[in-house]
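# Structure assessment
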Amino acid sequence: MTTTADRSTTPTNGLPQERRLVTSIPGPKSQALQARKTEAVSAGIGVMLPVYVVKAGGGVLVDVDGNSLIDMGSGIAVTTVGNANPDVVAGVQQQVADFTHTCFMVTPYSGYVEVCEALNRLTPGDHTKRSALFNSGAEAVENAVKIARAYTKRQAVVVVEHGYHGRTNLTMALTAKNMPYKQSFGPFAPEVYRVPTSYPYRDRGLKGPEMAQIAITRIEKEIGAANVAAIIIEPIQGEGGFIVPGDGYFSAMADFATANGIVFVADEIQSGFCRTGDWFASEYEGVVPDMITTAKGIAGGLPLAAVTGRAEIMDSVHAGGLGGTYGGNPVACAAALGSIRWMEEQDANGLAKAIEAVMLPRLTSMAERFPAIGDIRGRGAMIAIELVVPGTMDPDAGLAATLNTFCHANGVVTLTTGTYGNVFRFLPPLTMPIPLLEEALGILEQAFEAATS
Ligand SMILES: *Cc1c(COP(=O)(O)O)cnc(C)c1O
């Protein structure tokens with residue numbers, strides 16, 4: 001593979017790029033902090049792996065006990081440019097010293113405008129665009145719905161099975177999975193409709209366009225296309241299980257939206273910003289969404305989110321109808337500008353593709369040894385394996401949990417996901433050194449050996 005990406009210059013935050021365990025995981029200091037957490041923090045805030053981090057960079061997280069763990073999660077696809085990326089740190093330090101907040105809606109500043117200009121330039125399509133900034137992914141999705149409703153003067157919102165869009169009231173309604181996101185938190189917002197997605201591994205041979213036709217018929221017969229304000233779809237589903245729709249599904253849904261005056265929203269909060277080897281995963285099928293929601297990878301770890309869309313749609317809202325006290329905070333904007341500059345200068349998409357080039361063949365050879373690997377999917381640095389009971393397609397969430405525990409105990413921070421809890425997902429920072437990536441995959445292989453022997 002030829003890319004201009006040069007991994008030898010990726011930042012490490014001065015940390016040795018090694019897996020180093022000096023205590024059991026979690027170590028004694030982490031355990032003491034976790035005990036304090038239990039006393040101080042709501043039990044509703046779960047912790048997957050209670051190692052308390054003190055420093056991070058490149059491909060490692062260093063904990064309070066001095067362990068160095070391989071980071072295969074990027075804090076859920078956030079630190080794509082690496083933790084404490086120097087371009088992010090420099091921008092943040094300057095900004096935080098100059099001023100920390102004015103509220104853009106009161107007295108504005110250039111960073112906000114520059115981030116919007118970058119989003120308008122980088123997102124798919126060469127039409128005139130506008131952006132608006134918010135604090136979290138859920139808030140961006142909520143605002144996409146507000147804007148689409150204001151523009152279309154329609155109310156219905158269509159989402160798909162296995163979709164994930166956040167934890168606020170409206171986005172809980174948009175999200176498919178009950179536990180843990182929705183259980184006991186209803187009632188949910190009305191006028192939200194869920195139609196089939198394309199899940200090639202589980203669609204019994206039906207192709208992307210066929211699944212789109214099923215979804216479209218449902219929209220036409222049960223909702224009425226003329227009532228639909230927006231269709232919101234992740235081009236690769238994140239929390240739903242890294243489900244890559246069959247070729248043609250995403251573009252067929254976009255075409256149907258366009259033909260029916262429906263705002264087509266790509267939720268790129270997890271898949272965007274070079275995660276999949278493209279700036280945005282929508283580009284893979286050449287889809288130009290009317291609106292894109294972004295967050296996670298946008299600002300190297302600072303809280304920032306955005307809605308970017310066609311100017312006529314974005315400008316259809318009355319002045320003052322959108323916003324928020326902190327949306328587009330100047331420090332978060334400085335982080336985003338540093339992050340975006342780094343992605344452009346370092347060919348971040350090339351770095352993501354190089355990670356895919358290591359992971360896919362290695363996972364494919366593991367699947368030959370371990371029949372519990374039912375499916376391997378994803379693109380760039382957004383790759384997953386789906387675990388099943390061998391010889392069946394029955395989800396094996398227990399195996400996913402066992403592998404996860406083994407990896408954690410051996411100093412690799414891994415994540416599971418999926419509606420059935422049986423998907424093992426990998427979201428390494430693009431600054432991950434290749435030898436460390438290979439070491440993490442070796443630990444996974446050992447985890448399989450231990451679990452299936
Ligand atoms: C994480 C995520 C969200 C919610 O973002 P928050 O910042 O956690 O509110 C929405 N959509 C997708 C696709 C996500 O992955």
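This structure is a prediction, so every number in the text was calculated from the model and none was measured. Sequence order sets the numbering: in each chain, residues are counted from 1 along the sequence as written. Reporting of local features is limited, given that this is a predicted model, to residues whose pLDDT is at least 70; pairs of side-chain atoms are given and counted only at 80 or more, and all residues count toward the totals for whole chains, interfaces and linings. Side-chain numbers come from the whole structure's heavy atoms, not from hydrogens or water.

### Overview of the nonpolar core
- Only buried Ala, Val, Leu, Ile, Met, Phe, Trp, Tyr and Cys residues count toward a nonpolar core, and they belong to the same one when joined by side-chain atoms within 4.5 Å. Classification of residues uses two cut-offs on accessible area relative to the type maximum, computed with a 1.4 Å probe and protein chains only: under 20% is buried, over 50% is exposed, and between them is partly exposed. Of all hydrophobic cores here, the largest spans 90 residues; its most connected members are I231, M253, L444 and F448.
- Taken together, domain 1 (28–84 + 347–452) and domain 2 (99–345) each give at least three residues to this core, which thus spans both.
- Discounting chain neighbours no more than four positions away, the residues touching M253 are V195, A212, A215, I216, I219, I231, I233 and F264.
- Among the nonpolar cores identified, the runner-up in size contains 25 residues, and A140, A144, I147 and M291 belong to it. Just so you know, the domain bounds were taken from an automatic or database domain assignment. Whether two residues are in contact is decided by their heavy atoms, any of which lying within 4.5 Å being enough.

### A closer look at the sheet that holds strand β3 (residues 68–71)
- Whether two strands pair depends on DSSP finding at least two bridges between them. Put simply, DSSP marks the helices as runs of H or I at least four residues long and the strands as runs of E at least two long, and each gets a number from the N terminus on. One open sheet holds the 4 strands; their spatial order is β1-β2-β3-β13, and the pairing between them is mixed. Both outer strands of the open sheet, β1 (53–57) and β13 (412–413), are each paired with one neighbouring strand and no more.
- The sheet contact formed by strand β2 (residues 60–63) and β3 spans 3 bridges and is antiparallel. Looking at β3, one finds that V62 is bridged to S68.
- Angles run from 0 to 180 degrees between N-to-C directions of axes, and those axes are lines fitted to C-alpha atoms, restricted for helices to the stretch in contact. Where helix α13 (residues 434–452) meets the sheet, it contacts β2, β3 and β13, and its direction lies at approximately 90° from that of β3.

### A short note on the pattern of salt bridges
- Any carboxyl oxygen of Asp or Glu within 4 Å of a side-chain nitrogen of Lys or Arg constitutes a salt bridge here. This structure, assessed with the given rule, holds 14 salt bridges.
- Measuring nitrogen to oxygen at the nearest pair gives 2.7 Å for the salt bridge that ties R310 to D290. Of this pair, R310 sits in strand β10 (residues 305–310) while D290 sits in the loop between β8 (263–267) and β9 (291–294), placing them 20 residues apart in sequence.
- The partner of E449 in a salt bridge is R369, with the nearest N and O atoms 2.9 Å apart. Taken together, the residues span a long stretch of sequence, with E449 in helix α13 and R369 in helix α11 (residues 348–369) at a distance of 80 residues.
- On the basis of relative accessibility, which here comes to 45%, the residue R369 falls in the partly exposed class.
- Connected through shared salt-bridge partners, R202, D375, R377 and E386 make up one network.

### Remarks on the site of the ligand
- Here a residue is near a molecule or strand as soon as one of its heavy atoms is found within 4 Å of it. Every residue near the ligand is listed here: S136, G137, A138, Y164, H165, G166, E234, D267, I269, Q270 and K296.
- Definition of a polar contact: a pair of N or O atoms within 3.5 Å, with one able to donate and the other able to accept a hydrogen when the atoms are protein atoms, and with sequence-neighbouring residues admitted only if both atoms are side-chain atoms. Backbone polar atom of G137 to an oxygen atom of the ligand: 2.7 Å apart, as the coordinates give it.
- At a separation of 2.8 Å, a nitrogen atom of the ligand approaches a polar side-chain atom of D267.
- Each accessible area is a Shrake-Rupley result for a 1.4 Å probe, and residues are judged covered by the shown protein chains and nothing else. Relative to its unbound accessible surface of 380 Å², the ligand loses 82% to contact with the protein.
- A molecule is said to occupy a pocket when more than half its atoms come within 2 Å of that pocket's grid points, and by this definition the ligand occupies the largest pocket.
- Each residue gets one of three labels, nonpolar for Ala, Val, Leu, Ile, Met, Phe, Trp, Tyr, Cys and Pro, charged for Asp, Glu, Lys and Arg, and polar for the others, Gly among them. Partitioning the shell around the ligand into residue classes produces 3 nonpolar, 5 polar and 3 charged. The method works on a 1 Å grid over the protein atoms by themselves. A cavity is a set of points holding a 1.4 Å probe that cannot get out, a pocket is an open set with protein on both sides within 12 Å along at least five of seven lines, and residues with an atom within 4 Å of a point line them. Molecule-in-pocket calls rest on the fraction of atoms, with more than half required to lie within 2 Å of the cavity or pocket grid points.

### Some details on the environment of G398
- Relative to the elements of secondary structure, G398 occurs in helix α12 (residues 397–409).
- According to the relative accessible area criterion, G398 is partly exposed, its value standing at 43%.
- Distance in space between the C-alpha atoms of G398 and V388 is 9.6 Å, their sequence separation being 10 residues.

### What to know about the domain arrangement of the protein chain
- As far as domains go, the protein chain holds domain 1 (28–84 + 347–452) and domain 2 (99–345).
- Relative to domain 2, the C-alpha centre of domain 1 lies at a distance of 26 Å.
- Domain 1 puts 42 residues into the contact, and the matching count from domain 2 is 34 residues.
- Summed over both partners, the accessible surface that disappears when two parts come together, traced with a 1.4 Å probe, is what is meant by buried area. Taken together, the two surfaces of domain 1 and domain 2 that pack against each other cover about 3,200 Å², and 57% of this comes from carbon and sulfur.
- Of all residues in domain 1, V81, R379 and M382 bury the most surface against domain 2, accounting for 26% of the area lost on that side.
- Here domain 1 and domain 2 share 2 salt bridges between them.
- A salt bridge links R425 to E239; its shortest N-O distance comes to 3.0 Å.
- At the surface where domain 1 touches domain 2, the tally comes to 24 residue pairs in polar contact (both at pLDDT 80 or more).
- Mapped by element, the contributors of at least two residues to the side of domain 1 that touches domain 2 are α2 (74–77), α11, β11 (373–379), β12 (382–387) and β15 (423–426).

### Some remarks on the packing of aromatic side chains
- Centres within 6.5 Å are what make two rings of Phe, Tyr or Trp a pair, Trp counting through its six-membered ring; a difference in plane orientation under 30 degrees is then read as stacked, over 60 as edge-to-face, and the rest as tilted. A full pass over the atoms with the stated rule returns 9 aromatic pairs.
- Taking 5.5 Å as the distance between ring centres and 75° as the angle between the ring planes, the aromatic pair formed by F104 and Y109 counts as edge-to-face.
- Judged by relative accessible area, which is 23%, F104 ranks as partly exposed.
- In this structure Y109 comes out as buried when scored by relative accessible area, which is 10%.
- In this arrangement the basic side chain of K182 is found over the ring face of F188, its NZ or CZ atom lying 5.3 Å from the centre.
- When the NZ atom of lysine or the CZ atom of arginine is within 6 Å of a ring's centre and also within 35 degrees of its normal, the charge is said to sit over that ring. Its guanidinium or amino end placed over the ring of Y284, R379 lies 3.6 Å from that ring's centre, counting from NZ or CZ.

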